[in-house]
Amino acid sequence: MLELRKSYNPKGIEEKWYEYWVSKGYFKPDSDSRGNTYCIVIPPPNITGSLHMGHALNMTLQDILCRWKRMSGDKVLWLPGTDHAGIATQNVVEKQLTAEGLDRHKLDRDAFIERVWKWRTEYGGKIIHQLKRLGASCDWSRERFTLDEGLSRAVIEVFVRLYEEGLIYRDNRLINWCPRCHTALSDLEVEHEELEGKLTYIKYPLSNGSGHITVATTRPETMLGDTAVAVHPDDSRYKDFIGKTVALPLTQRKIPIIPDAAVDSSFGTGAVKVTPAHDFNDEAIAKRQSPALEFITVIGKDGSMTEDAGSRYAGLDRYECRKLVIKDLKERGLIEKEQRYTHAIGHCYRCKTVIEPLLTLQWYVNVQPLAKEAIRMVREEKIRIIPKSWENTYFAWMENIRDWCISRQIWWGHRIPAWYCQKMQNAKCKMQNGVIVSRVMPPVCPYCGSEELVQDEDVLDTWFSSALWPFSTLGWPDKTNDLKTFYPTSVLVTGFDIIFFWVARMIMMGLKFMGEVPFRDVYIHALVRDVKGQKMSKSKGNVVDPLTMMDRYGTDAFRFTLAAFAAQGRDIRFSEERVEGYRHFVNKLWNAARFVKQSTEHRIQIPENFQLSTFNFQLPERWILSRLAATADDMNRALEEYRFNDAASSVYQFVWHEFCDWYIEMAKSEPVTSESVMSCLLYTLETSLRLLHPFMPYVTEEIWQNIKSEESEVKESIMISDYPKSMPRDYQAEEDMSCIMEAVMGIRSIRGELNISPSLELNVSIKTLSDITDKILRKNLQYVKRLAKAAEIKIGRNVRKIEGSAVSVKNSVEVYVPLKGLLNIDAEIDRLKKDGARVEESIAFLNKKLLNEDFLQRAPEEVVEKEKTRYNELVRKKERIVESIKKLKEVEVKE
RNA sequence: GGGCGGAUAGCUCAGUUGGGAGAGCGCAGCCCUUACAAGGCUGAGGUCACAGGUUCGAUCCCUGUUCCGCCUACCA
């Protein structure tokens, strides 16, 4: 047996047990278990990522749930994996290539993909190792990757089926384009940021030379692509302008002035330039016109101006062009004014480049039909979102959901299973535009038999594959055992930032392809911020590294901190001090274990089938076991409702302030050989360890292995032992114990407030205020002596106060400590007066309340009764305090 | 513009059906009591953001205000 060192040092211990658990296969679902199945799929981290606080919290909560359920007898599968993160990963590898003076186009597509796979093999597993360090009890034998063979098959299957149902289609319209990543983005992938810019007022001269119309814009350079000016049809100022044309400055074009109801007459000049190819609003206006307005693309895919922008501007970067356009307009006297103006600008969520609306041909999913069902499932509580407040967010988005652009112009990802016939030799083929969507590459065109087929160059949005995660990871489209056993999964644990990206889409796809919700509960946890409440980001330099926390304080303390912080519906302001505090808790537990071990050395095991009833327990044992039962109940209930912080504080309170502060101290007053005390110490400790294990897996295992019974080795690990369930309470013991505590605290207060040395043993008198209290105290006198450091205690219903004693007045007892020469009577009088004043305040308050007729008549009887009792108690207490002060004053006079 | 959340001890936060508010850290005092100084005991510290309303009674429910934070949106 290992010796327990004086303080807990996690170094080495964590690795040791993690390897042990893995080697024993404890993380795999127990095939013998007849319990309920419980399954969580991990939100797959990006392979480019490294562990941050968000992951740490997310994983810790899932691990707590899994370990708790596993110990509770469920058949648990926690399925891990990673996400290929198309754009992010491609960016990383492209950066490498750039450093080598290469770019992906110099390699060919296959060589580039190979290169990314190589990168993935070398670095992509980093985050998995970090997750393991956290203690995550995932079944690593089932680890999946969104680009692995099985998942890719699922992606193709889903694409083809949705296409065949007409829910996936291809269209040419404006999309969000990132000029740096060179790809289309979905609406969600655009981050809007409020920025200060300029509103430029430009005069557009009428073609007939009869004046001008002024438009206001934040993007002067797009005027080169204007194809109309729009005004509100009811705007009297512009009634006569409608139907006329303006000569678009800097170009040779004439464009019409058109009416459109979407124009806000009160904004700017009430006239708006229309650039259909570079603005979503303008696109809508253009399409409403009949005939539709022309689309002129003046900005290209790299963010620079096209030929259509005119030779003077072609090739310029869009921002350079803006400057030049303004300069040119100024020279012509066409700038009316410039105004400072703050507005939201869309940025690429991967690289923060300002996105450009561009007209391109892309693939879309029509998601409305899927969303409808997904909304219903949440409305009908087939899926519970916890905390419930997030339901509104979900509904708001789902009810206004727009088609999802799923094609990306990058190489790393699931290539779109579409081929284009290059010949289109017959009408049928032409009708289909030569588009062939197929699970496998078709040998010839199914329409016209041509052999010239070219696959679509694009890949799918990474979130498309993530949306299938809950069933693709379980083996779909095959009908696997895992799928049958574990789908629907039990709960999804995630942050609110990906409710739309991921959660909503998983619900839609799960319903569509499995005909069943993907999970029963969605637990939305907080965002981890820094101490000041700011989002952690590398640029702000306020990032706290979880690995550093684990190094510094140990994984257990770190995990416990996260759990203790995880109150529902509130963000976490992470503070390192809290971690330090919980490291102390780990150490406290460790030392409690040392004590228990040392005191029970010659009888180190809990008897098999430990039955509380077989012992003739004294009050302290009955009390601590009842408190233990209460704690177990609290924790199970809290975990059931995802109240991690409540569970954590409950067990913290119990272990430190009940077990250590009271029970262990009381146990010390017993002879160490007392069988009932030793058993109770061991039982309480061992049960506490099991309660704590989901939160602090390592230290609990280490201690557990050190104290576990050697003879009856039923279980090899605390991980697979039983989670404490409900045990009987002993309310009488809890009530009786409060008398003891009052007596002890009374003596301690006197000691503390009068600065009497703890080493000085006191003689104490205790006046009991009821026969029952009297009996309890007499029977348990040794504990009071021990805890209050008293030499002699005189107890009785009629114990008289000795002159010159300090007094502490409690509900069930009065405590007198004669202080002989030590007593500072003035200080003692002050102390009592202060106490008296507090009591007086409460009496006044209650008095007012009890004189209130309305209260007496309308408040529930038990409340009135309770207040009356309290009032009487306080009045008696006040009388006793007054009496004591009087006596002290008499002493003072005598002296 | 719309929506959501927050404001409680010096700091970070709990507070579950409305019945005079708690923890951790910090602070002050006394202690190295043989599990633990990463500890023990005792204590100080709060008009529960502000103003109304409902109620016998409000930190809690309703309305409004102020200050933060977030999400969302096509006013150029």
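Use the structure listed above.
Residues numbered from 1 in each chain as written. Chains lettered and ligands numbered in written order. Predicted model: local features only at pLDDT ≥ 70, side-chain atom pairs only at ≥ 80, totals over all residues. Heavy atoms only, no water.

S.K.: I keep staring at the overall build of chain A and nothing clicks. Help me out?
M.R.: Along its length, chain A carries 28 helices and 29 strands. Its C-alpha atoms give chain A a radius of gyration of 37 Å, more than 25% over the compact-globule value 29 Å for 895 residues. Viewed in the frame of its principal axes, chain A has a C-alpha envelope of about 115 × 65 × 55 Å. Across the 895 residues that make up chain A, the buried fraction comes to 55%. Put simply, 77% of the contacts in chain A that link residues at least 6 apart link residues at least 24 apart. About 40,400 Å² of surface is accessible on chain A, with carbon and sulfur atoms providing 48% of the total. (Helix = DSSP H or I, 4+ residues; strand = E, 2+ residues; numbered from the N terminus. Rg over C-alpha atoms; globule rule 2.2 N^0.38 Å. Buried < 20%, exposed > 50% of the residue type's maximum accessible area, 1.4 Å probe, protein only. Contact = heavy atoms within 4.5 Å. Areas by Shrake-Rupley, 256 points an atom, 1.4 Å probe, with all protein chains shown as cover.)

S.K.: Can you walk me through the protein's contact with RNA strand B in this structure?
M.R.: The environment of RNA strand B is formed by 63 residues, the closest being Asp264, Asn281, Arg570, Phe845 and Arg858. At a separation of 3.2 Å, a base nitrogen of RNA strand B approaches a polar backbone atom of Ala592. Contacts to RNA strand B include Trp656, whose side-chain N or O atom sits 2.5 Å from a phosphate oxygen. When residues of the surface near RNA strand B are traced back to their parent elements, those giving at least two are strand S8 (212-217), helix H18 (576-599), helix H20 (644-667), helix H23 (731-753), helix H26 (825-851), helix H27 (853-858) and helix H28 (861-894). Top contributing element to the surface near RNA strand B by residue count: H18, with eleven residues. By residue class, the composition of the surface near RNA strand B is 21 nonpolar, 16 polar and 26 charged. (Near = heavy atom within 4 Å. Polar contact = N/O pair within 3.5 Å; in protein donor to acceptor, adjacent residues only side chain to side chain. Nonpolar A, V, L, I, M, F, W, Y, C, P; charged D, E, K, R; others polar.)

S.K.: What's the story with unusual backbone geometry in this structure? I'm lost.
M.R.: Glycine aside, a negative phi is what most residues show, and trans is what most peptide bonds show. In the segment running from Ser290 into Pro291, the intervening peptide bond is cis, with an omega of 0°. Cis peptide bonds are those with omega within 30 degrees of zero, and the linkage from Trp476 to Pro477 qualifies with 10°. The topology assignment puts Pro477 in the loop between helix H13 (469-472) and helix H14 (481-486). Even without glycine at this site, Glu381 takes up a positive phi of about 60°. Here Glu381 is to be found in the loop between helix H9 (368-379) and strand S15 (384-386). What makes Glu381 partly exposed here is its relative accessible area of 46%. Here Asn433, not a glycine, exhibits a phi torsion of approximately 60°, which is positive. Note on placement: Asn433 falls in the loop between helix H11 (427-431) and strand S19 (435-437).

S.K.: I would appreciate a short explanation of the packing of aromatic side chains in the present structure.
M.R.: Aromatic ring pairs are defined here through the distance separating the ring centres and the angle between the ring planes. For the coordinates displayed, the defined rule picks out 39 aromatic pairs. Judged by centre distance (6.4 Å) and plane angle (55°), the rings of Trp21 and Phe27 are tilted. One exposure class covers both Trp21 and Phe27, and it is buried. Here Tyr169 and Tyr364 contribute two aromatic rings whose centre-to-centre distance is 5.6 Å and whose plane-to-plane angle is 20°, an arrangement assigned as stacked. Taken as a pair, Tyr169 in strand S5 (residues 168-178) and Tyr364 in strand S14 (residues 356-365) lie far apart in primary sequence, 195 residues in all. (Phe/Tyr/Trp six-rings, centres within 6.5 Å; stacked < 30°, edge-to-face > 60°.)

S.K.: Which parts of the structure should I look at to understand helix H25 (residues 781-788)?
M.R.: For an α-helix the count is 3.6 residues per turn, leaving residues at separations of three or four pointing the same way. Taken together, the buried positions of H25 are occupied by Leu781, Tyr783, Val784, Leu787 and Ala788. When H25 is viewed along its axis, its buried side chains cluster within an angular range of 160° and face the same direction. Considering only its buried residues, H25 is in contact with helix H19 (619-640), H20, H23, strand S26 (762-768), helix H24 (771-779) and strand S27 (790-796). Remark: Lys789 follows H25 within two positions and exhibits a positive phi of approximately 55°. (Arc of directions from axis to C-beta.)

S.K.: What's the story with the packing of helix H17 (residues 555-565) against H18 in this structure? I'm lost.
M.R.: Helix-helix packing is described using two parameters, namely the angle between the two axes and the distance between the axes. The geometry of H17 relative to H18 is characterised by a closest axis approach of 8 Å and an angle of 120° between their N-to-C directions. Taken together, the axes of H17 and H18 lie oblique to each other. Taken as a pair, H17 and H18 cross one another with a handedness that is right-handed. Contacts between H17 and H18 involve Asp556, Ala557, Phe558, Phe560, Thr561, Ala564 and Phe565 on the former and, on the latter, Arg578, Val579, Tyr582, Arg583, Phe585 and Val586. (Axes fitted to C-alpha atoms, helices over the stretch in contact; angles between N-to-C directions. Parallel < 35°, antiparallel > 145°, perpendicular 65-115°, else oblique. Left-handed = near helix turned anticlockwise from the far one by under 90°.)

S.K.: What is the right way to look at the pattern of salt bridges in this model?
M.R.: Proximity of charged atoms lets side chains of opposite charge pair with each other. In total, this model carries 60 salt bridges according to the counting rule given. For Asp260, the salt bridge is made with Arg288, and the minimal N-O distance between the two is 3.1 Å. Taken together, the residues Asp260 in the loop between strand S11 (254-259) and strand S12 (271-274) and Arg288 in helix H7 (residues 280-288) connect sequence positions 28 residues apart. Of the charged contacts, one joins Arg690 and Glu686 as a salt bridge, the two residues approaching to 2.8 Å between their closest N and O atoms. Residue Arg690 and its partner Glu686 are both found in helix H21 (residues 675-692); the two are separated by four residues, about one turn of the helix. Taken as a pair, Arg690 and Glu686 share a single burial class, namely buried. (Salt bridge = Lys/Arg side-chain N within 4 Å of Asp/Glu carboxyl O.)

S.K.: In this structure, what is going on with the sheet that holds S19? I would like to understand it.
M.R.: Sheets are built from strands that pair by backbone hydrogen bonding, the pairs being arranged parallel or antiparallel. In spatial order, the strands read S19-S18-S20; together these three strands make up an open sheet with antiparallel pairing. Each end of this open sheet is capped by a strand with a single partner; those strands are S19 and strand S20 (453-455). Strand-to-strand twist across the sheet, computed as the mean angle between neighbouring axes with direction ignored, equals 30°. Alignment of strand S18 (residues 418-421) against S19, held across three bridges, turns out to be antiparallel. Bridged to Ala418 within S19 is Val437. (Pairing = 2+ DSSP bridges.)

S.K.: So what exactly am I meant to see when it comes to the pairing of S11 here?
M.R.: As a general feature of sheets, a regular strand has side chains that alternate between the two faces. As judged from the three bridges shared by strand S9 (residues 228-231) and S11, these two strands associate in the parallel manner. Its bridge partner being in S11, Val231 is matched across the sheet by Pro259. Pairing analysis gives three bridges linking strand S10 (residues 245-247) to S11, with the strands arranged antiparallel. Note that in S11 the partner of Thr245 across the bridge is Pro256. The antiparallel hairpin formed by S10 and S11 contains six residues in its connecting segment, where Leu250 sits at a positive phi of about 65°.

S.K.: Explanation requested: the sheet that holds strand S13 (residues 335-348) in the structure shown.
M.R.: Strand order in the open sheet formed by three strands is S8-S7-S13, and the pairing between neighbours is antiparallel. Of all strands in the sheet, those bounded by a partner on one side alone are S8 and S13. Averaged over all neighbouring strand pairs, the angle between strand axes comes to 20°, with direction disregarded. Two elements, strand S7 (residues 190-205) and S13, share 13 bridges in a ladder whose sense is antiparallel. Across the sheet, the residue bridging to Glu191 is His347, located in S13. Contacting S7 and S13, helix H8 (residues 318-331) crosses the sheet at an angle of about 165° to S13.

S.K.: Got a minute to help me understand the state of the cysteines in this structure?
M.R.: Disulfide: a covalent bond formed between the sulfur atoms of two cysteine residues. Under the counting rule described, the total for this entry stands at zero disulfides. We note that Cys138 lacks a disulfide partner, and the nearest cysteine sulfur, in Cys66, lies 7.3 Å from it. Free of any disulfide, Cys421 has its nearest cysteine sulfur in Cys448, 3.5 Å distant. For Cys421, a relative accessible area of 5% gives the class buried. (Disulfide = S-S within 2.5 Å.)

S.K.: For this particular structure, what's the right way to read the environment of Cys66?
M.R.: Examined against the element boundaries, Cys66 turns out to sit in helix H2 (residues 53-71). Distance from Cys66 to Asp774, taken between C-alpha atoms, is 49 Å for residues 708 residues apart in sequence. Apart from the residues lying within four places of it in its own chain, the contact partners of Cys66 are Ile40, Val76, Trp78 and Ser137.

S.K.: Looking at this structure, I do not really get the environment of Gly569. What am I missing?
M.R.: Inspection of the secondary structure puts Gly569 in the loop between H17 and strand S25 (572-573). Overall, the relative accessible area of 65% leaves Gly569 in the exposed class. The sequence separation of Gly569 and Ser389 amounts to 180 residues, and the corresponding C-alpha distance is 8.0 Å.

S.K.: When you look at the nonpolar core in this model, what are you seeing that I'm missing?
M.R.: Burial of nonpolar side chains together is a common tendency in soluble globular proteins. Phe464 and Phe659 are the most contacted members of the largest nonpolar core, which has 204 residues in total. Broken down by element, this core gets its largest block of residues, 14 residues, from H20. Sequence-distant contacts of Phe659, that is, excluding residues within four places in its chain, are made with Ala592, Val596, Ile624, Phe654, Ile664, Leu681, Thr684 and Leu685. (Core = buried A, V, L, I, M, F, W, Y, C linked by side-chain atoms within 4.5 Å.)

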